[in-house]
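So you can see what is in the structure, the chains are spelled out below.
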Amino acid sequence: MKLNISKGQPQLHLQPIWDRYVALTAWNICIVCAVMWREWKYVKDYISQSGLCLTSWLLLILCLISSLASGDEIKCSEFLHLDPPSPTIQLLQFTTQSHCGCPFSVHSGLPRHVWEPDRATVMIVPGKRQATVQPSWVRTMAQELLARGQENVLAVDWLILPDMELTEAAEQIGRKLSQIIQRLLIIGSAPDMFHLIGFGVGAHIAGTAGYNLNGAIGRITGLDPFAPVFSEANNSVYLDYNDGQYVDVIHSNFNPTEPMPALGFSSPLGHVDFYIGTGFQLPGCPRGLFNREEYLLCSHHRAHQIYTSSIQASCHHLAFPCQSVADFQQAKCTFCSSPGLNSCPEMGYDITWLPSSRPLPFQPMAAFLTVTSAPPYCVTPLLLELNLGGILSIEAKLYIQLMGNAIKTSTVLVSGHHMTEFAANKVYQFMISADSDGDFHTVSLEFSTQRLLYLKWRKRRISIHHLLLSYLPKDRKIAYQAWNVTAVENQRVEVVLQKIWV
């Protein structure tokens, strides 16, 4: 309730109260209608086809009415919220008219404005959850897909008995999902127009569905596929590259977050496997157990957060084909070209970089990248080369920071968590993932030896004959350089850069 002042007289403004009443009433009607729809499924064999179409129309209209409300007053509760006696699956459809999903049933009488069989379809498959937990991230991802122009957006909601084996559950739910997709194919859709996005256990459900459809699904995206139990299971149960025409996998928790083992797979599963950072305690995640749940699950959940952000992001998550995290961090994998692929793979929703031919003209590969701590999570990859001179060698950790006219990156450790030996007359390369992009003119260097020295004459000096900072991939042809730099251990030195074309 609020006061409108008109001609000096206070007037009671009732419109927000009426809006709130309409919102809650309409949403309650939609929920009741959804429950009724679930019951209709058990008697649909006794109803004529025209009756089914009429029911679909009624459900759609009532769900659209609910969108008249101001979203702040509505709390979505469309996901299953009761422990089922057996594995249960339902489809939810998302539209631009409502933030909440509406139950969706597949039958031959679907109107074209409700379902476009000749357009691409995205199905989001969440991971295992408790019945009392609503996966709100699914709604966020669905709305981002709709904003991108995707019209057929569905969520595959599922629940199982709490003590049911996850591999058995994934197999049963995946088989049911494949049957649903088969019915959509009969209506007029094509298998290569489906894109399944599965998180955690949901990735294996998507994979099982693709396996039961003989790998004909156009694309399957696995968001940190769940590893415990599945890593020892038969490959027909967990996601792999044979389950779809293109299978891309994001690994965000492939190393243990002590005291919990890794929740995601460390072994490659898809045509392209993207490995983020070190696989635990990703940027922005808690470093301690003060918030235990967030500490243990942050890196795992970062997979769907980054993917959601990538749907409309203006930046790119460029990844580099490599053999290991260590090789990537040591800048041993800075080239993008590989047999059958002339560019570095890009992690995320956009696959315009991918060759259109099927089967894919390249072998399955692992690619590595890092991210920032906040959306859109993109970094600017650069290569730092140091040609050392002098006669001294020291063990140190190298920290750098880049600065431009209106930008300044965070200070980052580029040499790894262990001490690195910097020997005279050798060349060192380091991968840099800057959290800002722009025209840099200064680099700040610090060689940290962890020696507590207060007398300047006792501090050792590092001679850098040539410093070269290059954008990656190198086809950007922009670099910065500096000559004859002297750094002192445990002190920051700011080096003025010269921009060059390479």
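Residues numbered from 1 in each chain as written. Predicted model: local features only at pLDDT ≥ 70, side-chain atom pairs only at ≥ 80, totals over all residues. Heavy atoms only, no water.

Asker: Quick question: what am I supposed to make of the overall build of the protein chain here?
Answerer: Helix and strand counts for the protein chain come out as seven helices and 24 strands. The burial tally for the protein chain puts 52% of its 502 residues in the buried class. When contacts within the protein chain are restricted to residue pairs at least 6 apart in sequence, long-range pairs at least 24 apart make up 72% of them. As presented, the protein chain carries roughly 24300 Å² of accessible surface, and 54% of it is formed by carbon and sulfur atoms. (Helix = DSSP H or I, 4+ residues; strand = E, 2+ residues; numbered from the N terminus. Buried < 20%, exposed > 50% of the residue type's maximum accessible area, 1.4 Å probe, protein only. Contact = heavy atoms within 4.5 Å. Areas by Shrake-Rupley, 256 points an atom, 1.4 Å probe, with all protein chains shown as cover.)

Asker: Can you help me understand the environment of Lys128 in this one?
Answerer: Along the chain, the position of Lys128 falls in the loop between β5 (121–125) and α3 (136–147). A relative accessible area of 41% places Lys128 in the partly exposed class. Contact partners of Lys128, with chain neighbours within four places excluded, come to Trp158, Ile160, Leu166 and Val201.

Asker: Which parts of the structure should I look at to understand the sheet that holds strand β24 (residues 498–501)?
Answerer: Consider a sheet: its strands pair through backbone hydrogen bonds, and that pairing is either parallel or antiparallel. Spatially, β19-β15-β21-β22-β24 is the arrangement adopted by the five strands of the open sheet, whose pairing is antiparallel. Edge strands, defined here as strands with exactly one partner in the open sheet, are β19 (427–434) and β24. With strand direction ignored, the average angle separating the axes of adjacent strands in the sheet is 25 degrees. (Pairing = 2+ DSSP bridges. Axes fitted to C-alpha atoms, helices over the stretch in contact; angles between N-to-C directions.)

Asker: Would you mind going over the packing of aromatic side chains with me for this structure?
Answerer: Aromatic rings considered in pairs are described by the distance between their centres and by the relative angle of their planes. For the structure on display, the rule yields twelve aromatic pairs. Ring geometry for Tyr275 and Phe368: centres 5.1 Å apart, planes at 20 degrees, overall stacked. Separated by 93 residues along the polypeptide, Tyr275 in strand β10 (residues 272–276) and Phe368 in strand β14 (residues 365–369) bring together distant segments of the chain. Here Tyr275 and Phe368 have matching classes, each one buried. For the ring pair Phe422 and Tyr428, a centre distance of 5.3 Å and an interplane angle of 50 degrees mean the geometry is tilted. Residue Phe422 is classed as buried on the basis of its relative accessible area, which comes to 1%. Through successive ring pairs, a cluster of aromatic residues spans Phe254, Tyr275, Phe320, Phe328 and Phe368. (Phe/Tyr/Trp six-rings, centres within 6.5 Å; stacked < 30°, edge-to-face > 60°.)

Asker: What is the right way to read the confidence of the model for the protein chain from this model?
Answerer: Atom-level detail of predicted coordinates should not be read off regions where pLDDT is low. For the protein chain, mean pLDDT is 85; residues scoring 70 or higher make up 84% of the total. pLDDT under 50 marks residues 1–62. Its contacts with residues more than four places away, or in other chains, come to 59 contacts. Contacts for the low-pLDDT stretch residues 64–73, under 50 throughout, to residues beyond four places or in other chains number 13 contacts. (pLDDT = per-residue confidence, 0-100.)

Asker: Whenever I open this one, α3 confuses me. Can you help?
Answerer: The end-to-end C-alpha distance of α3 is 17 Å, a good match for the 16 Å that twelve residues give at a rise of 1.5 Å each. Three or more residues of α3 are buried, namely Trp137, Val138, Arg139, Met141, Ala142, Gln143, Leu145 and Leu146. Positioned one or two residues after α3, Gly149 has a phi angle of 110 degrees, which is positive. (Expected span 1.5 Å × (residues − 1).)

Asker: Would you mind showing me how to read the environment of Met365 here?
Answerer: Mapped onto the elements, Met365 comes out in strand β14. Spatially, the C-alpha atom of Met365 lies 5.1 Å from that of Val272, the residues being 93 residues apart in sequence. If sequence neighbours within four positions are ignored, Met365 has contacts with His271, Val272, Asp273, Pro321, Ser338, Leu341 and Pro345.

Asker: Honestly, the environment of Ala170 in this entry has me stumped. Any pointers?
Answerer: Summarising the element assignment, Ala170 is placed in helix α4 (residues 166–187). Judged by relative accessible area, Ala170 falls into the buried class, the value being 0%. When the C-alpha positions of Ala170 and Thr208 are compared, they lie 7.2 Å apart, and in sequence the two are 38 residues distant. Setting aside residues up to four positions removed in sequence, Ala170 forms contacts with Val201, His204, Ile205, Thr208 and Phe230.

Asker: Just checking my understanding: could you explain the pairing of strand β23 (residues 493–496) for this structure?
Answerer: A regular strand places its side chains on the two faces of the sheet in alternate fashion. The alternating pattern of β23 places Val493 and Val495 on a buried face, while none of Glu494 and Val496, on the opposite face, is buried. Where strand β20 (residues 440–448) and β23 come together, four bridges link them in antiparallel fashion. The residue of β23 that forms the bridge with Val443 is Val495.

Asker: When you look at the sheet that holds strand β3 (residues 88–95) in this model, what are you seeing that I'm missing?
Answerer: Within the open sheet, the ten strands sit side by side as β4-β3-β6-β5-β7-β8-β9-β10-β14-β12. Their pairing is mixed. Two strands lie at the open edges of the sheet, namely β4 (98–104) and β12 (320–321), each paired on one side alone. Pairing of strand β8 (residues 219–223) with strand β9 (residues 247–251) involves four bridges; the strand directions are parallel. Bridged to Gly222 within β9 is Val249. α4 contacts β3, β5, β6 (152–159) and β7 (194–199) of the sheet and is inclined by roughly 50 degrees relative to β3.

Asker: What is the right way to read the nonpolar core from this model?
Answerer: Buried together is how nonpolar side chains tend to be arranged in soluble globular proteins. In terms of nonpolar packing, the biggest core is built from 44 residues, with Phe104, Met123, Leu177, Ile181, Leu196 and Phe230 touching the most fellow members. When residues of this core are traced back to their parent elements, those giving at least two are β3, β5, β6, α4, β7, α5 (201–212) and β9. With nine residues, α4 is the single largest residue contributor to this core. Ranked by size, the runner-up nonpolar core spans 41 residues in total, among them Ala142, Tyr246, Leu369 and Val371. (Core = buried A, V, L, I, M, F, W, Y, C linked by side-chain atoms within 4.5 Å.)

Asker: I tried to follow the state of the cysteines on my own but got confused; where do I start?
Answerer: By definition, a disulfide links the sulfur atoms of two cysteines through a covalent bond. Enumeration according to the criterion identifies five disulfides in this entry. For Cys285, the disulfide goes to Cys298, at an S-S distance of 2.1 Å. Around the S-S axis, the bridge from Cys285 to Cys298 shows a dihedral of about -80 degrees and counts as left-handed. Here the residue Cys285 occupies a position in the loop between β10 and α6 (292–310), and Cys298 occupies one in helix α6, the gap between them amounting to 13 residues. Across the disulfide from Cys336 sits Cys344; the S-S distance is 2.0 Å. Handedness here is read from the sign of the S-S torsion; for Cys336 and Cys344, about -95 degrees, the answer is left-handed. With respect to class, Cys336 is no different from Cys344; both count as buried. (Disulfide = S-S within 2.5 Å.)

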